[in-house]
Number of protein chains: 2
Amino acid sequence: MPRHTSQSHDGPKISDATVKRLSKYYRTLQNAISAEKTTISSEEIARLNGLTAAQVRKDLSFFGAFGRRGLGYNAVDLHRNIGQILGLHRTWNVCLVGAGNIGTALAHFRQFAEQGFLFKLILDSDPAKWGTKIGDLEIQDFERCDDLVKREKIKIAVVAVPGLAAQKAVDRLVAAGIKAILNFAPVTILVPPGVYVRNENMVIEIEALSYALTSKGGHRPRTGTLPVV
Amino acid sequence: MPRHTSQSHDGPKISDATVKRLSKYYRTLQNAISAEKTTISSEEIARLNGLTAAQVRKDLSFFGAFGRRGLGYNAVDLHRNIGQILGLHRTWNVCLVGAGNIGTALAHFRQFAEQGFLFKLILDSDPAKWGTKIGDLEIQDFERCDDLVKREKIKIAVVAVPGLAAQKAVDRLVAAGIKAILNFAPVTILVPPGVYVRNENMVIEIEALSYALTSKGGHRPRTGTLPVV
DNA sequence: GTGTGTGAAGGGTTTCACAGCA
DNA sequence: TGCTGTGAAACCCTTCACACAC
């Protein structure tokens, strides 16, 4: 059985669900380390995230064998390994597109910087905003995105523009060399193969809650609906 | 074969994925109606959302037979039917918890109100904020959440508090009668059965992008990664 | 002919259960 | 004994392909 150590890029296709759970484990381990825990079991990681221990072990097993039988996982080691898998052992320069309500809030959102995602560029198409600052970054003309994205070698963009402007903005960003997009515009955007998008559509999420309340009992979301521990 | 018309609550369990797609169809239909289209095919709904026509038809088939063979769907009828399914034929009163960067941005986010989700209550635990307004709503003491949530008969809360405060805040909200939570705090919160949560964890999403870029080719997110049409 | 509605097939993810090792 | 690592089973979701209605 191919036992690849952490790096991963070959091997079986890893599901989106697994990747998102690894993110959770990563944060769980950060907390465990802060609390001076040296060892942690799949059982405990699972409990803290509302999952099963088998799920945790299976997720990790795609990337290697990080634990010790009978003992559990070394918190620091596993944290470092997951960091490598997810590409969090480095920092990423990020471009923010759209400096409205949501965009401005995201620019101030601490967790991004804490996990190594650094805004280096803020673009907006409203001339009134050009030259004004968010933090210590000046808002710049979106029309210049080609030059600026290339100059800063930015691969990740966070898009927070109105729905109608989103697809066009994304097309420009992709042409400028952006390879991954976190989209907060309330529309599903389409991109060419090789570019990754995550649509963070808050309207869809709240409508899913509406459905759950409307069709009581018929359906239960999977995430986080476990008894309080 | 049980042919339930739109309402739905019995019948087969509907997957989360299906519910989220229905939200997309709903918006697609709104656009089609605005563009004066009277009829639309599963093929077209699919194309506009980067999905397959079979997927669209299957999703709808769980709730009834809304189309006409050889013709397609009546846009207005299907829109109304999906609205009924998702519980969007009514308005929902919503409580915002946490009036920081993200919370304030969400309070201003138009799409929520446009789809019938109305903020009626804004709570924060910072005394400095009490009495100040966002729009025409005064920020109130989170400690009063029991009374206020009950008085306004609110079932949905949008939580945008710091990670460390999130689980405690949610426990209070659930005790006050909240049944559905849209959580923007960067932690997975756990709730008792019968309460629905959606964790909108932006850090997880951006880390999934980091993974995609790090392990090029090994994995491809499913959503929205289709060729531009 | 056209496009829906739907069983059945196919593919993927989670859970199970136990072998294996400290 | 305790807990990981992992094939196999179970489950769920998507895709296929075609009967059927217009």
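Residues numbered from 1 in each chain as written. Chains lettered and ligands numbered in written order. Predicted model: local features only at pLDDT ≥ 70, side-chain atom pairs only at ≥ 80, totals over all residues. Heavy atoms only, no water.

**Describing the overall build of chain A**
The condition that has to hold: Each helix corresponds to a stretch of at least 4 residues labelled H or I by DSSP, and each strand to a stretch of at least 2 residues labelled E; elements are numbered beginning at the N terminus. Burial classes: relative accessible area under 20% of the type maximum marks a residue as buried, over 50% as exposed, and values in between as partly exposed (1.4 Å probe, protein chains only). By the convention used here, residues are in contact when the closest approach between their heavy atoms is within 4.5 Å. The method behind every accessible area is Shrake-Rupley, applied with a 1.4 Å probe, and residues are considered shielded solely by the protein chains displayed.
Within chain A, the secondary structure is distributed over 9 helices and 10 strands. The buried share among the 229 residues of chain A stands at 53%. Within chain A, contacts between residues at least 6 apart in sequence are counted, and of these 57% link residues at least 24 apart. Carbon and sulfur atoms make up 51% of the accessible area of chain A, which totals about 10,500 Å².

**A few points about the sheet that holds strand β9 (residues 180–183) of chain A**
Sheet strands line up and pair through hydrogen bonds in the backbone, either parallel or antiparallel. All names here are of chain A. To keep it simple, the criterion reads: At least two bridges found by DSSP between two strands are what make those strands a pair.
Taken in spatial order, the 7 strands line up as β6-β7-β5-β4-β8-β9-β10 in an open sheet, and their pairing is mixed. The sheet terminates laterally at β6 (133–134) and β10 (196–199), the two strands that pair on one side only. Sheet topology places strand β4 (residues 92–97) next to strand β5 (residues 117–124); 6 bridges connect them, and they run parallel. Residue pairing across strands places C95 opposite L121, the latter belonging to β5.

**With respect to helix α4 (residues 75–86) of chain B**
Selection rule: Each helix should span, by expectation, one fewer than its residue count multiplied by 1.5 Å. Contacts described as polar in this section are N or O atom pairs within 3.5 Å, which, within protein, must combine one atom able to donate a hydrogen with one able to accept it, while residues neighboring in sequence count only if both atoms come from side chains.
Between its first and last C-alpha, α4 of chain B extends 16 Å over 12 residues, near the 16 Å set by a 1.5 Å rise per residue. Residues of α4 of chain B that are buried: A75, L78, H79, N81, I82, G83, I85 and L86 of chain B. Looking at the buried side of α4 of chain B, the elements it contacts are α9 (202–214) of chain A together with α1 (16–34), β1 (39–40), α2 (42–49), α3 (53–61) and β3 (72–74) of chain B. The backbone nitrogen of V76 of chain B lies 2.9 Å from a side-chain oxygen of the residue at the head of α4 of chain B, namely N74 of chain B. The positive-phi residue at the C-terminal boundary of α4 of chain B is G87 of chain B, with phi of around 80°.

**Brief notes about the side chain of E200 of chain A**
Applied cut-off: Counted as positive: Lys and Arg. Counted as negative: Asp and Glu, with His and the chain ends omitted from the count. Throughout this description, the term salt bridge denotes a Lys or Arg side-chain nitrogen within 4 Å of a carboxyl oxygen of Asp or Glu.
In this fold, E200 of chain A is placed in the loop between β10 and α9. Despite its burial, E200 of chain A pairs with no opposite charge; the closest candidate is R198 of chain A, at 5.9 Å N-O. Setting aside chain neighbours within four positions, we find E200 of chain A in contact with L182, N183 and F184 of chain A together with E200, N201, M202 and E205 of chain B.

**Regarding the packing of α9 of chain A against α4 of chain B**
Just so we agree on the cut-off: To define axes, lines are fitted to C-alpha atoms, for helices over the stretch in contact only, and angles between the resulting N-to-C directions are given on a 0 to 180 degree scale. Roughly parallel means an angle under 35 degrees; roughly antiparallel, over 145; roughly perpendicular, 65 to 115; everything else is oblique. Note on residue categories: nonpolar means Ala, Val, Leu, Ile, Met, Phe, Trp, Tyr, Cys or Pro, charged means Asp, Glu, Lys or Arg, and polar means any other residue, Gly included.
Interaxial distance between α9 of chain A and α4 of chain B falls to 7 Å at its minimum, and their mutual angle equals 70°. As summarised for this structure, α9 of chain A and α4 of chain B are arranged roughly perpendicular, according to the angle between their axes. Residue-level inspection shows E207, S210, Y211 and T214 of chain A of α9 of chain A in contact with α4 of chain B, the latter providing Q84, I85 and L86 of chain B. For the contact of α9 of chain A with α4 of chain B, a count of residues per class yields 3 nonpolar, 3 polar and 1 charged.

**What to know about the packing of aromatic side chains**
All names here are of chain A. Rules: Between the rings of Phe, Tyr and Trp (Trp by its six-membered ring), a pair exists once the centres lie within 6.5 Å; its type follows the angle of the planes, with under 30 degrees stacked, over 60 edge-to-face, and the other angles tilted. Charge-over-ring contacts are defined here by two conditions on Lys NZ or Arg CZ: a distance within 6 Å of the ring centre and an angle within 35 degrees of the ring normal.
Counting across every chain of the model gives 6 aromatic pairs over all chains. Aromatic pair F112 and F119: ring centres 6.0 Å apart, planes at 75°, arrangement edge-to-face. With a relative accessible area of 1%, F112 lands in the buried category. Put simply, the rings of F109, F112 and F119 pair up and form one aromatic cluster. Seen from the ring of W92, R90 lies directly overhead, with NZ or CZ sitting 3.5 Å from the centre.

**Comments concerning the pairing of strand β4 (residues 92–97) of chain B**
Residues and elements named next belong to chain B. Where burial is concerned, most of β4 is hidden: 5 out of the 6 residues are buried. Relative to strand β8 (residues 156–159), β4 runs parallel, the two being bridged by 4 bridges. In the sheet register, V94 faces β8, and the bridge partner there is I156.

**Considering the relation of the copies chain B and chain A**
We count it as follows: Superposition of the copies used a least-squares fit over C-alpha atoms from residues whose pLDDT is at least 70 in both.
Relative to chain A, chain B is turned by 180° and slid 0.0 Å along the rotation axis, the superposed coordinates differing by an RMSD of 0.1 Å. Viewed as a symmetry operation, the transformation between the two copies matches a two-fold axis. When C-alpha distances to the rotation axis are compared across chain B, the minimum falls at A105 of chain B, with a value of 3.2 Å.

**Quick notes on the sheet that holds strand β7 (residues 137–141) of chain B**
All names here are of chain B. Strand order in the open sheet formed by 7 strands is β6-β7-β5-β4-β8-β9-β10, and the pairing between neighbours is mixed. Of all strands in the sheet, those bounded by a partner on one side alone are β6 (133–134) and β10 (196–199). Relative to strand β9 (residues 180–183), β8 runs parallel, the two being bridged by 4 bridges. Residue V158 lies in a different strand from β9, and its bridge partner there is L182. Where helix α8 (residues 163–175) meets the sheet, its contacts fall on β4, β8 and β9, and the angle it forms with β8 comes to roughly 170°.

**Brief notes about the environment of L60 of chain B**
All names here are of chain B. Residue placement: L60 occurs in helix α3. Counting along the chain gives 55 residues from L60 to Q115, while the straight-line C-alpha distance between them is 21 Å. Not counting chain neighbours up to four residues away, the residues in contact with L60 comprise L22, Y25, F66, Y73, L78 and I82.

**Focus: the domain arrangement of chain A**
For clarity, the threshold we go by: Where a domain begins and ends is set by an automatic assignment or by a domain database.
What the domain assignment lists for chain A is domain 1 (16–86) and domain 2 (92–205). With centres defined by C-alpha atoms, the gap from domain 1 of chain A to domain 2 of chain A works out at 31 Å.

**Some points on the interface of chain B and chain A**
Just so we agree on the cut-off: Joining two parts hides part of their accessible area as seen by a 1.4 Å probe, and the buried area is that hidden amount summed over both.
Each side of the interface is counted separately: chain B has 83 residues, and chain A has 84 residues. In total, about 7,600 Å² of surface goes out of reach between chain B and chain A, with carbon and sulfur atoms giving 67% of it. Where chain B packs against chain A, one counts 6 salt bridges. K20 of chain A serves as the salt-bridge partner of E205 of chain B, at 3.2 Å between the closest nitrogen and oxygen. Here the side of chain B that touches chain A takes 13 residues from helix α9 (residues 202–214) of chain B, the largest share from any one element. Looking at the side of chain B that touches chain A residue by residue, the classes come out as 43 nonpolar, 25 polar and 15 charged.

**Here we look at helix α1 (residues 16–34) of chain A**
With 19 residues, α1 of chain A extends 28 Å between its outermost C-alpha atoms, agreeing within 8% with the 27 Å of an ideal straight helix rising 1.5 Å per residue. Burial in α1 of chain A covers these residues: T18, V19, R21, L22, S23, K24, Y25, Y26, R27, T28, L29 and A32 of chain A. Of the surrounding elements, those touching the buried residues of α1 of chain A are β1 (39–40), α2 (42–49), α3 (53–61) and α4 (75–86) of chain A together with α9 of chain B. With its phi angle positive at about 65°, E36 of chain A sits one or two positions after the end of α1 of chain A.

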